[in-house]
Amino acid sequence: MGLGALLLVGTAQAQVYRVVGPDGRVTYSDKPTAQPARDAAPSSAGGSSNTALPYTLAQTAQRYPVTLYTSKECVPCTTGRNLLINRGIPFSEKTVESNDDIAALQRLASAGSLPLLTIGGQQLKGYSDSEWTQYLDAAGYPKTSQLPSSYRRPAAAPLVAARATPAPAASVAEAASAPAAPAQPSVAPPRSSTNPTGIRF
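Thresholds, definitions, all that
- Residues numbered from 1 in each chain as written.
- Predicted model: local features only at pLDDT ≥ 70, side-chain atom pairs only at ≥ 80, totals over all residues.
- Heavy atoms only, no water.
- Buried < 20%, exposed > 50% of the residue type's maximum accessible area, 1.4 Å probe, protein only.
- Helix = DSSP H or I, 4+ residues; strand = E, 2+ residues; numbered from the N terminus.
- Pairing = 2+ DSSP bridges.
- Right-handed = clockwise from strand over helix to strand, strands pointing away.
- Core = buried A, V, L, I, M, F, W, Y, C linked by side-chain atoms within 4.5 Å.
- Contact = heavy atoms within 4.5 Å.
- Axes fitted to C-alpha atoms, helices over the stretch in contact; angles between N-to-C directions.
- Parallel < 35°, antiparallel > 145°, perpendicular 65-115°, else oblique.
- Left-handed = near helix turned anticlockwise from the far one by under 90°.
- Nonpolar A, V, L, I, M, F, W, Y, C, P; charged D, E, K, R; others polar.
- Phe/Tyr/Trp six-rings, centres within 6.5 Å; stacked < 30°, edge-to-face > 60°.

A.B. asks: Describe the pairing of strand E5 (residues 66–70), with residues and values.
C.D. replies: Counted residue by residue, E5 has five buried out of five residues, so it is predominantly covered. Burial of E5 is two-sided: the residues Val-66, Leu-68 and Thr-70 facing one way and the residues Thr-67 and Tyr-69 facing the other way are all buried. As defined by bridge partners, E5 adjoins strand E6 (residues 91–95) across five bridges and the pair is classed as parallel. Pairing of Thr-67 across the sheet is with Ser-92, part of E6. The handedness of the E5 to E6 crossover, carried by helix H3 (residues 75–87), is right-handed. One ladder, built from four bridges, connects E5 with strand E7 (residues 116–119); its direction is antiparallel. Bridge pairing in E7 places Thr-67 opposite Thr-118.

See below:
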């Protein structure tokens with residue numbers, strides 16, 4: 001085998017790896033790295049932990065996680081959720097039902113209106129198809145779904161996790177014999193048959 005043929009074989013076996021660092025810088029190396037594949041990266045924000053999202057979508061979801069705050073009997077909340085699902089946006093959903101949830105929402109958004117959508121640090125109060133679409137586009141989310149068929153949206157969870165504090169045995173016995181304390185006033189706006197959670201939509 002001639003020298004030219006040996007050089008050709010050596011060149012054919014050489015491989016160059018493209019590496020994108022966390023800061024976005026691209027470098028090239030002849031050694032493979034332990035980075036996730038370009039077309040599938042694990043989802044770490046707003047998605048299911050057991051399904052890999054496409055690389056670009058995973059990067060966007062990590063930089064600008066999407067959270068939707070909703071309530072029952074909220075038509076704009078359902079419309080907003082459907083927009084996110086149909087567009088293939090990985091998001092987490094927080095429900096606002098209890099007085100603790102309402103107080104937390106008011107601290108978070110300085111208002112009690114729903115739905116509330118956060119994209120990264122941006123808050124969008126109330127539902128507006130054009131406004132939500134504009135901000136999702138600006139964040140870099142794809143216009144059509146790129147979610148893999150195995151993707152499962154995480155279940156909605158209360159905004160404030162229920163706290164269960166065990167009481168000492170002596171306190172339980174005292175509470176059983178003590179008269180019931182008057183109910184604390186609600187911090188939420190008045191509830192009605194058309195607005196059972198007391199939130200302004």
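A.B. asks: Any details on the pairing of strand E8 (residues 122–125)? Residues and values, ideally.
C.D. replies: With four bridges joining them, E7 and E8 adopt antiparallel strand pairing. Paired with Thr-118 across the strands is Gln-123, a residue of E8. What sits between E7 and E8 in their antiparallel hairpin is a turn of two residues, with Gly-120 showing a positive phi close to 65 degrees.

A.B. asks: A description of the nonpolar core should follow, citing residues and the corresponding values.
C.D. replies: Side chains of a nonpolar character, in soluble globular proteins, are inclined to be buried together. Ranked by internal contacts, the top residues of the largest apolar core, which has 18 residues, are Val-66, Leu-84, Leu-117, Ile-119, Leu-136 and Tyr-141. For this core, the elements supplying multiple residues, two or more each, are helix H2 (55–63), E5, H3, E7 and helix H5 (129–139). Here Leu-136 is in contact with Val-66, Leu-83, Leu-84, Arg-87, Ile-89, Ile-119 and Tyr-141, once residues within four sequence places are set aside. Membership of the second largest hydrophobic core comes to nine residues, among which are Cys-77, Leu-105, Ala-109 and Leu-114.

A.B. asks: Give a detailed account of the sheet that holds strand E9 (residues 157–158), specifying residues and quantitative values.
C.D. replies: The strand order across the open sheet formed by five strands is E8-E7-E5-E6-E9, and the pairing between neighbours is mixed. Each edge of the open sheet is held by one strand with a lone partner, namely E8 and E9. The sheet contact formed by E6 and E9 spans two bridges and is parallel. Within E9, the position partnered with Thr-95 by the bridge is Pro-158.

A.B. asks: I'd like a rundown of the packing of H3 against H5, residues and numbers included.
C.D. replies: At a minimum axis distance of 11 Å, the contact between H3 and H5 shows a crossing angle of 40 degrees. It follows that H3 is oblique to H5 by the angle criterion. You can see that H3 and H5 cross each other, and the crossing is right-handed. Residue-level inspection shows Gly-80, Leu-83, Leu-84 and Arg-87 of H3 in contact with H5, the latter providing Asp-129, Trp-132, Thr-133, Leu-136 and Asp-137. Grouping the amino acids of the contact of H3 with H5 by side-chain chemistry returns four nonpolar, two polar and three charged.

A.B. asks: Give a detailed account of the packing of aromatic side chains, specifying residues and quantitative values.
C.D. replies: Applying the stated rule across the entire model yields one aromatic pair. Summarising the aromatic geometry, the rings of Tyr-127 and Trp-132 are spaced 4.9 Å apart at their centres and angled 80 degrees between planes, so their arrangement reads as edge-to-face. Given the relative accessible area of 26%, Tyr-127 is considered partly exposed. Since its relative accessible area comes to 0%, Trp-132 is described here as buried.

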